[in-house]
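# Notes for the structure review
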Amino acid sequence: RILLKRVRLRVEKNKRLVKLKLYILAFMIFLAIDSLWLGLAAPQFYRSQIGHLMADLPNFFAAGIFYLIFVFGMVFFVIEPGMNSESMPKTVVRGAIFGFVTYATYDLTNHATLSGWPILMTIVDMAWGTTLSAAVTLVSVWAGKRLIK
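Here is a short report on the structure shown in this document. (Residues numbered from 1 in each chain as written. Predicted model: local features only at pLDDT ≥ 70, side-chain atom pairs only at ≥ 80, totals over all residues. Heavy atoms only, no water.)

### A look at the packing of helix 3 (residues 88–113) against helix 4 (residues 119–147)
Across the interface, helix 3 lies against helix 4 with an axial gap of 7 Å and an inter-helix angle of 150°. Viewed along their axes, helix 3 and helix 4 adopt a mutual orientation that is roughly antiparallel. Relative to helix 4, the crossing made by helix 3 is right-handed. Its residues assigned to classes, the contact of helix 3 with helix 4 shows 17 nonpolar, nine polar and two charged. (Axes fitted to C-alpha atoms, helices over the stretch in contact; angles between N-to-C directions. Helix = DSSP H or I, 4+ residues; strand = E, 2+ residues; numbered from the N terminus. Parallel < 35°, antiparallel > 145°, perpendicular 65-115°, else oblique. Left-handed = near helix turned anticlockwise from the far one by under 90°. Nonpolar A, V, L, I, M, F, W, Y, C, P; charged D, E, K, R; others polar.)

### Describing the pattern of salt bridges
Using the criterion set out here, one finds one salt bridge in the structure. Residue Lys19 is joined to Glu80 by a salt bridge in which the shortest nitrogen-to-oxygen separation is 3.7 Å. Of the two residues, Lys19 sits in helix 1 (residues 2–50) while Glu80 sits in helix 2 (residues 60–83), which places them 61 residues apart along the sequence. By relative accessible area, which is 25% here, Glu80 ends up partly exposed. (Salt bridge = Lys/Arg side-chain N within 4 Å of Asp/Glu carboxyl O. Buried < 20%, exposed > 50% of the residue type's maximum accessible area, 1.4 Å probe, protein only.)

### Regarding the layout of surface pockets
The calculated volume of the largest pocket comes to roughly 1100 Å³. Every residue lining the largest pocket is counted, 31 residues in all, and those nearest its centre are Leu38, Tyr46, Pro58, Ala63 and Tyr106. Listing elements by their share of the lining of the largest pocket, those giving two or more residues are helix 1, helix 2, helix 3 and helix 4. At eight residues, the largest contribution of residues to the lining of the largest pocket is made by helix 1. Across the lining of the largest pocket, the residue classes tally to 23 nonpolar, four polar and four charged. (1 Å grid on protein atoms, 1.4 Å probe; cavity = no way out; pocket = protein on both sides within 12 Å on 5 of 7 lines; lining within 4 Å. Points joined across faces, edges and corners; volume = space filled by probe spheres on them.)

### Quick look at the packing of helix 2 against helix 4
Packing of helix 2 against helix 4 brings their axes to within 10 Å, and their N-to-C directions diverge by 55°. When the axis of helix 2 is compared with that of helix 4, the two are oblique. For the pair helix 2 and helix 4, the crossing hand works out as right-handed. Every residue of helix 4 that contacts helix 2 at Phe70, Met74, Val78, Ile79, Gly82 and Met83 is listed here: Ser133, Val136, Thr137, Ser140, Val141, Gly144 and Lys145. Classifying every residue of the contact of helix 2 with helix 4 gives seven nonpolar, five polar and one charged. (Contact = heavy atoms within 4.5 Å.)

### Regarding the packing of aromatic side chains
Following the criterion strictly, the structure yields 14 aromatic pairs and no others. With a centroid separation of 4.7 Å and 15° between ring planes, the pair formed by Trp37 and Trp128 is classed as stacked. Within this pair, whereas Trp37 is found in helix 1, its partner Trp128 is found in helix 4, the two being separated by 91 residues in sequence. Taken together, a centroid distance of 5.9 Å and an interplanar angle of 20° make the contact between Phe72 and Phe76 stacked. With Phe72 and Phe76 both in helix 2 and four residues apart, this pair spans about one turn of that helix. (Phe/Tyr/Trp six-rings, centres within 6.5 Å; stacked < 30°, edge-to-face > 60°.)

Structure, rendered in structure tokens:
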């Protein structure tokens with residue numbers, strides 16, 4: 001019994017370590033891809049659409065909390081289950097759906113509650129969230145299957 005208990009504890013510890021590695025991997029991939037969007041493509045578009053609502057400097061603390069929570073959700077609901085899936089296309093679709101639903105929650109709430117929130121902003125940001133989440137899922141699961149044991 002004691003040996004069995006030790007084996008179970010070791011297995012659980014290993015599972016937690018794998019989840020932590022997967023989270024760190026997905027977090028780095030998310031930051032890399034989203035940084036490209038936020039640094040290259042989005043600034044002019046966001047200014048033209050919602051410049052009147054934007055702060056001079058972003059709240060990096062709030063952005064960091066968002067990233068931590070969002071990536072946790074991706075790993076929990078999409079990426080970790082995708083590690084055990086034989087179908088990468090289904091896993092990527094799940095990632096896209098996760099991104100679509102989460103970004104739609106933000107954008108449609110803003111569209112419903114903020115005066116002057118443009119519909120084009122809602123559409124583009126939802127498309128970005130869908131694309132970003134699909135891409136992060138694809139790269140994270142692909143790399144995770146090769147790097148994390």
